[in-house]
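# Overview (structure and organization)
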Amino acid sequence: MSGFAGLFTFNAEGSDTTVLQKLHHAIASGSLKIVADHAPILFAASDGRRNSLQFVALDIVGEARLDNRDDLKTALGAPHALDDLGLVAMAVLRWGQRAATLLNGEFAIAIFDRREKKLLLLRDLFGVKPLYYRQQDNCLAFSSMQSDLVHEGDEPDPNAMARFILGVDDDANATMFDTVKRLPPGHLLAMEMNGDWRLIQHRVPKPARFTGDWTAYQLRNRLDGAVRRRAAAANKVGALLSGGLDSSAICGLAARASPGAILPVYSFHYPPGSPHDEGRHIEAMQGAHRLSVSRLSMHDFDPLLEVEPLIDPCADPVFAPGLGKLLRLYRQARSDGVTVLLDGHGGDEVISHGTGLAVEFVRARRWIALWNLLGALQNLYGQSRVALYWDVLTAHTGLRRFRSRRDQRHGGGVAPLAFLDAAHRAEAARRAKAWADKYAGAQQSEAALHLWNISNPAVARGFETLSRAATSQSVELSFPFFDHALVEAALAVPGHEKVRHGLTRHALRLALAGILPDSVRWRRDKVDFSAELRQSLVHHAGALRNAADLDGPLSGIVDKDALVSQVNRLLDAPDQFDSTTSFILFRCAVLARWLERRQTGRGAQLGAAE
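Keep in mind the model is a prediction, meaning the values are calculated, not measured. (Residues numbered from 1 in each chain as written. Predicted model: local features only at pLDDT ≥ 70, side-chain atom pairs only at ≥ 80, totals over all residues. Heavy atoms only, no water.)

Of the regular secondary structure elements, the protein holds 26 helices and 19 strands. The C-alpha atoms of the protein give 25 Å as radius of gyration, which agrees with the globular expectation for 610 residues (25 Å, within 12%). Over its C-alpha atoms, taken along the principal directions, the protein stretches across nearly 65 × 65 × 50 Å. Evaluated residue by residue, the protein yields a buried proportion of 56% over its 610 residues. If you take every contact in the protein between residues at least 6 apart in sequence, the share linking residues at least 24 apart comes to 70%. Counting only carbon and sulfur atoms, one obtains 50% of the accessible surface of the protein, whose full area is about 25600 Å². Taken together, the 71 basic and 68 acidic charged side chains of the protein have centroids lying 6 Å from each other. (Helix = DSSP H or I, 4+ residues; strand = E, 2+ residues; numbered from the N terminus. Rg over C-alpha atoms; globule rule 2.2 N^0.38 Å. Buried < 20%, exposed > 50% of the residue type's maximum accessible area, 1.4 Å probe, protein only. Contact = heavy atoms within 4.5 Å. Areas by Shrake-Rupley, 256 points an atom, 1.4 Å probe, with all protein chains shown as cover. Lys, Arg positive; Asp, Glu negative; His and termini not counted. Charge placed at Lys NZ, Arg CZ, Asp CG, Glu CD.)

Written out as structure tokens, the structure is:
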């Protein structure tokens, strides 16, 4: 990914000098170059030829990879050689702000209209490309990197930190700092010279309308097109391969797209016999396609230690326990000359496991259908069918009153809110309940839950986190599953095609006939990496305890007694420790290290093991 930033000043006497100084520092260091500098606009980009354009009456800077470029060229009468930024510029000249509704692809763009003295910020439908902004002192600053906009004196919002610990991601506009916002996916921001501005949603995901009955071929055709378009846009393309259904689908289709070439792919390596070993599936893919597989050892992986390079005091802390492993793959790919890595991220959400059918079956009193569905879901959740059946009944029927009693008897932990200091508990509880109510509403049907899973704020946060990691290794990620046309097709898949014959995502499995070996296409298991996370938390237990001390970074945010009691429970029986509490402890550890970095500026590691 290439970086870009800018400053729109609608009152020169009140410009944001701190952001301006940051921009000029980046320009002086060579990481950004001025591509437009005339009142009231300053645009800068890391690669001016790729990321900027002066077009008729417009200045434009950003990133764009359009999937419907051919249709746009025809509609606009555009020259064949015009690049995607140029197409966006022509579309805005022709249709104004409405152009955003016609752009399919991945983009984060700023456009200054010299005729109307107006700034537009655009972000793609799913938020694949990041874009942040800050309004202060009669100017609007924006950047593809959050750290460009956070000032030294900015303090994180304690309530935002509390929500981070709980994992409540309920605001697509918010960051950890009140002063900096993210442009939500599928939105545009329009700002006039008088300072008036509007935030407008230009797109929402919608299911496709097929002319005939749905077929697996329609899904395959759109996934194949998504892979081909992204591979064609790369100087040298590679792919990530875990051995699961999603990454294998991307690798198989990418290999078929270039039959004479050998596709470089990158995988984790665990010793045979390890519960994390996917070697047999990776070898099956090698036997089916021309792949050059680089398998990097992960036997020494420590999730907390290896996320350290991405702890940026001027950007939000990240929740991504497996990110350190990906950093190793990115680094190797870049050393091999790969510029774009195809990533199967998002396959679970886009294709859908059909979990929303559970509530539909409960409401229709289809108890046998529910029993069969939960048989297909038990591997996904790592619970028995009986346990899942009880959970569904106690969540969505008159048996709700028994749920809390069961949790008290068998949970062994504490309620998530108990981790928070009393000063933040009430506000966090209010936000968590509102978020839970929205999620409960989405669970009322498979269609609603499917849409929620591809459009809630956590989706864009995931892209931002992966983008930051890949950018740190000078490689770009591309996500075929979040192709606009593919998402539309996936949303249109009938519910009965999503789960069949005891298998979730049955529609995708059908679509991949002839692409994947049967051992991969029909596999039911899914590797659980939670043991790695628990082992890391055990290793850093002492640092976690210390973080909640009176002078520790989490003091005043977490309840020390609750945190220490759960750390002790983890140490007593790591193998029996639940995933929900593991995730909370991981977030506490990451937040503690992030606050330490902000307070001291030193790069020491999380803490020595005890």
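Alright, that's what it looks like, and here's the rest.
Next up on the list: the confidence of the model for the protein. Low-pLDDT portions of the prediction should not be read for the details of their coordinates. For the protein, mean pLDDT is 90; residues scoring 70 or higher make up 92% of the total. In this model residues 602-610 is a low-confidence stretch, pLDDT under 50, and it forms 24 contacts with partners more than four residues away in sequence or in other chains. (pLDDT = per-residue confidence, 0-100.)

One open sheet holds the six strands; their spatial order is S2-S3-S1-S9-S8-S10, and the pairing between them is antiparallel. The strands lining the two open edges of the sheet, one partner per strand, are strand S2 (33-38) and strand S10 (181-182). Examined bridge by bridge, strand S8 (residues 132-136) and strand S9 (residues 139-143) share five bridges and lie antiparallel to one another. Directly across from Gln135, in S9, lies its bridge partner Leu140. (Pairing = 2+ DSSP bridges.)

Attention now goes to the sheet that holds strand S6 (residues 105-113). Across the sheet, which stays open at both edges, the six strands sit in the order S4-S5-S6-S7-S11-S12 with antiparallel pairing between neighbours. Among the strands making up the open sheet, the edge pair consists of strand S4 (52-55) and strand S12 (197-201). Across this sheet, the average inter-strand angle for adjacent strands is 15 degrees, counted without regard to direction. Along the sheet, helix H4 (residues 84-95) makes contact with S4, strand S5 (58-66), S6 and strand S7 (118-123), crossing S5 at roughly 120 degrees. (Axes fitted to C-alpha atoms, helices over the stretch in contact; angles between N-to-C directions.)

Core analysis: the biggest nonpolar cluster contains 127 residues, and Leu219, Leu223, Tyr330, Leu341, Leu554 and Leu585 have the highest contact counts within it. Leu585 has contacts with Phe419, Leu537, Leu544, Leu563, Gln566, Val567, Leu570 and Phe577, leaving out every residue within four places of it along the chain. Counting 25 residues, the second-largest nonpolar core is a separate cluster that includes Leu72, Leu87, Phe107 and Ile109. (Core = buried A, V, L, I, M, F, W, Y, C linked by side-chain atoms within 4.5 Å.)

Here we come to helix H19 (residues 484-491). Note: α-helices contain 3.6 residues per turn, so residues at a spacing of three or four share the same orientation. With six of eight residues buried, H19 lies mostly within the body of the structure. Within the sequence span of H19, burial applies to His484, Leu486, Val487, Ala489, Ala490 and Leu491. Elements that come into contact with the buried residues of H19 comprise helix H6 (216-232), helix H11 (347-351), helix H17 (446-455) and helix H20 (495-498). Of the residues that open H19, the one with a side-chain oxygen 3.1 Å from the backbone nitrogen of Ala485 is Asp483. (Polar contact = N/O pair within 3.5 Å; in protein donor to acceptor, adjacent residues only side chain to side chain.)

With that settled, consider the environment of Arg203. For Arg203, the location among the structural elements is in the loop between S12 and H6. The exposure class assigned to Arg203 is buried, which follows from its relative accessible area of 13%. Considering only alpha carbons, one finds Arg203 and Asn372, 169 residues apart in sequence, at a separation of 36 Å. When sequence neighbours within four positions are dropped, the list of residues in contact with Arg203 reads Ala100, Thr101, Leu102, Leu103, Asn104, Leu125, Gly186 and His484. At a separation of 3.1 Å, a polar atom in the side chain of Arg203 contacts the main-chain carbonyl oxygen of Leu103.

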